[in-house]
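Letter by letter, the chains look like this.
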Amino acid sequence: MPSGKAMLPGVGVFGTGSTARVLVPLLQAEGFEVQALWGRSEEEARSLAKELGIPFHTSRSDDVLLHQDVDLVCIYIPPSMTRQIAVKALGIGKNVVCEKAATAVDSFKMVTAARYYPQLLSMMGNTLRFLPAFVAMRQRLAEGYVGDIQVCDVRVYGPSLLDQSYGWTCEELMGGGGLHTAGSAIIDLLSYLTGTRAHRVHGLLRTFVQQNNLIRGIRRVTSDDFCFFQMLMGGSGSSGVCSTVTLNFNMPGTFVHEVMVVGSAGRLVVRGTELYGQRNESKCEELLLADHSGVAPAAKEMPLPHRQGLSSMVKALRQSFQAHEERRSWSRGPVASAPTFEDGLYVQTVVEAVKQSSNSGEWVCVEIMSQEPDPNQNLCEGLQRNKN
C-alpha cells in the first residue's frame with residue numbers, strides 16, 4: 001500500500017476555536033499539510049495561523065475553497081454558517097469533513113449536495129464514533145455480549161458551554177445549547193451502537209443561566225444548559241430500544257461522560273474513554289478496554305472522549321487517503337463507520353423533534369425530510385385561509 005505525504009491532500013481548516021486548535025496539530029502529526037486557515041476576522045486567523053505554522057490565513061471563505069493546494073476542507077465554525085461552506089466546497093470539488101448545521105433544512109441541502117457529488121468524501125465530524133471504547137462496545141454488542149438490547153442510558157455533565165462573550169453559543173436559534181452541541185453527538189452515537197433510529201421522542205429543555213457576569217443588560221441566553229430526553233428506537237412495542245439522555249452543563253469540576261447499554265444478558269458501559277461490562281450471571285464488572293492511547297490530557301475546552309475520538313478520526317482519514325495515488329481520491333474502508341450527511345440530517349431532525357416536544361409537553365414523531373420545504377409555504381397557507 002502506498003504511503004507518505006505525497007498521497008495526502010492539502011487541508012484547509014475553517015475555524016479558530018478549541019476544535020481547530022486541537023485538530024491542526026493532529027493533522028500535522030499524521031502527515032497532512034494544513035495549507036490554509038479561515039477565521040471570522042483577519043486578526044483571529046493571523047494569530048492562530050502563526051501559532052500553528054499554517055502558511056496562509058484569511059477571513060474570506062472563497063480564498064480557502066479556491067486555494068490550489070487545498071483538497072480536503074475541515075469545517076468547525078458556528079452551525080449557522082456550516083451549510084453554506086460545505087455545499088460550496090463540494091460544488092468546486094473539495095472533500096469535506098464538517099460539524100453539524102443549524103437546522104434540518106440546512107442539513108437537507110447538504111445531503112442534496114453530497115448525493116450530487118458521490119465521488120467526494122462528505123462526512124460529519126462526530127468523533128465519538130471513532131473513540132476505541134465505542135468501536136469495541138459496538139463490536140461486543142454485535143457479538144451478543146448483552147443479548148437483546150433493551151435500554152440505553154446516557155449522562156453527560158460538565159461546565160458551561162457559553163463563550164466568554166455573547167455569541168452563537170448563547171442563541172438557541174443559531175445552534176447553541178447542550179442539546180445541539182453535545183446531544184447531537186449522543187443521538188448519532190446511539191444509532192451507530194444499536195443499528196436503530198429514533199421514531200418517537202419526548203424531551204425537556206431548560207436555560208437555568210440566562211445571564212452572567214459577562215452576558216447581562218438587555219442580552220439574555222436562550223440556549224439550553226440542561227436537557228433530558230427519551231427516544232423510542234427501532235421496532236415498535238416491546239421489541240424497540242428505550243433510550244434516556246441527560247445533559248447538564250451547570251456542573252463545574254470533573255467532566256462526566258457515561259454511556260450504558262443494557263440488554264437481556266448483561267450490560268456494557270463506557271465511562272470516559274474506558275469500556276466495562278457485566279453479564280447477568282457475573283458477580284462483578286470487568287474492564288474490557290483500558291485507555292492506553294497515550295493521548296495528552298484534554299484541552300481546556302475539549303473533553304477527553306472527544307479529543308481521543310478526534311485523534312482516531314484523523315488517523316482513519318490518513319489511511320483513507322493513503323490508499324490511493326491520486327491526492328483527492330479516498331478509500332471508503334477506513335472511514336466506513338463515519339457519519340454521513342444523511343446521518344447528520346437524521347440527527348438534526350431528532351434535535352428539532354426534542355425541542356418541539358419540550359414546547360408542547362407531548363411525544364413527537366421523528367419524520368425525516370424527503371424534499372426541501374417551499375420557502376413560501378406559510379404565505380401560501382395564509383392566502384388559502386383568506387380565500388376560504
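## Some words on helix α5 (residues 104–116)
Residues three or four positions apart in an α-helix share a direction because the helix packs 3.6 residues into each turn.
At step 1: The terminal C-alpha atoms of α5 lie 18 Å apart, and with 13 residues this matches the ideal 18 Å at 1.5 Å per residue to within 8%.
At step 2: Of the residues making up α5, those classed as buried are A104, D106, S107, F108, M110, V111, A113 and A114.
At step 3: Packing partners of the buried residues in α5 comprise α4 (79–91), β5 (95–98), β6 (122–124) and α9 (341–360).

## Focus: the sheet that holds strand β2 (residues 34–38)
At step 1: The strand order β3-β2-β1-β4-β5-β6 describes an open sheet built from six strands, whose pairing is parallel. If you trace the sheet from one side to the other, it starts and ends with β3 (56–58) and β6, each paired once. Taken over all neighbouring pairs, the strand axes of this sheet differ in orientation by 15° on average, direction set aside.
At step 2: Pairing geometry for strand β1 (residues 11–14) and strand β4 (residues 72–75), over four bridges, is parallel. Paired with F14 across the bridge in β4 is I75.
At step 3: Lying on the sheet, helix α8 (residues 304–322) is in contact with β4, β5 and β6; it crosses β5 at an angle near 170°.

## Focus: the pairing of strand β14 (residues 286–289)
Every other side chain in a regular strand lies on the same face of the sheet, so the side chains alternate between the two faces.
At step 1: Alignment of strand β13 (residues 274–279) against β14, held across three bridges, turns out to be antiparallel. Residue pairing in the sheet places G277 in a bridge with E286 of β14.

## Some words on the packing of helix α6 (residues 132–142) against helix α7 (residues 178–194)
At step 1: Across the interface, α6 lies against α7 with an axial gap of 8 Å and an inter-helix angle of 35°. Within the contact between the two elements, α6 uses F134, V135, M137, R138 and L141 and α7 uses L189, Y192 and L193.

## Examining the pairing of strand β9 (residues 226–233)
At step 1: Note: strand β8 (residues 198–206) against β9, eight bridges, orientation antiparallel. When the sheet's bridge partners are listed, R206 is paired in β9 with F226.

## Comments concerning the pattern of salt bridges
At step 1: Evaluated as defined, the whole model comprises 17 salt bridges.
At step 2: A salt bridge links D63 to R60; the nearest nitrogen and oxygen atoms lie 3.3 Å apart.
At step 3: On the accessibility criterion, R60 (54% relative accessible area) is exposed.
At step 4: A salt bridge links E342 to R115, with the nearest nitrogen and oxygen atoms 3.2 Å apart. Of this pair, E342 sits in helix α9 while R115 is found in helix α5, placing the two residues 227 residues apart along the sequence.

Rules of the game
Residues numbered from 1 in each chain as written. Predicted model: local features only at pLDDT ≥ 70, side-chain atom pairs only at ≥ 80, totals over all residues. Heavy atoms only, no water. Helix = DSSP H or I, 4+ residues; strand = E, 2+ residues; numbered from the N terminus. Expected span 1.5 Å × (residues − 1). Buried < 20%, exposed > 50% of the residue type's maximum accessible area, 1.4 Å probe, protein only. Contact = heavy atoms within 4.5 Å. Pairing = 2+ DSSP bridges. Axes fitted to C-alpha atoms, helices over the stretch in contact; angles between N-to-C directions. Salt bridge = Lys/Arg side-chain N within 4 Å of Asp/Glu carboxyl O.

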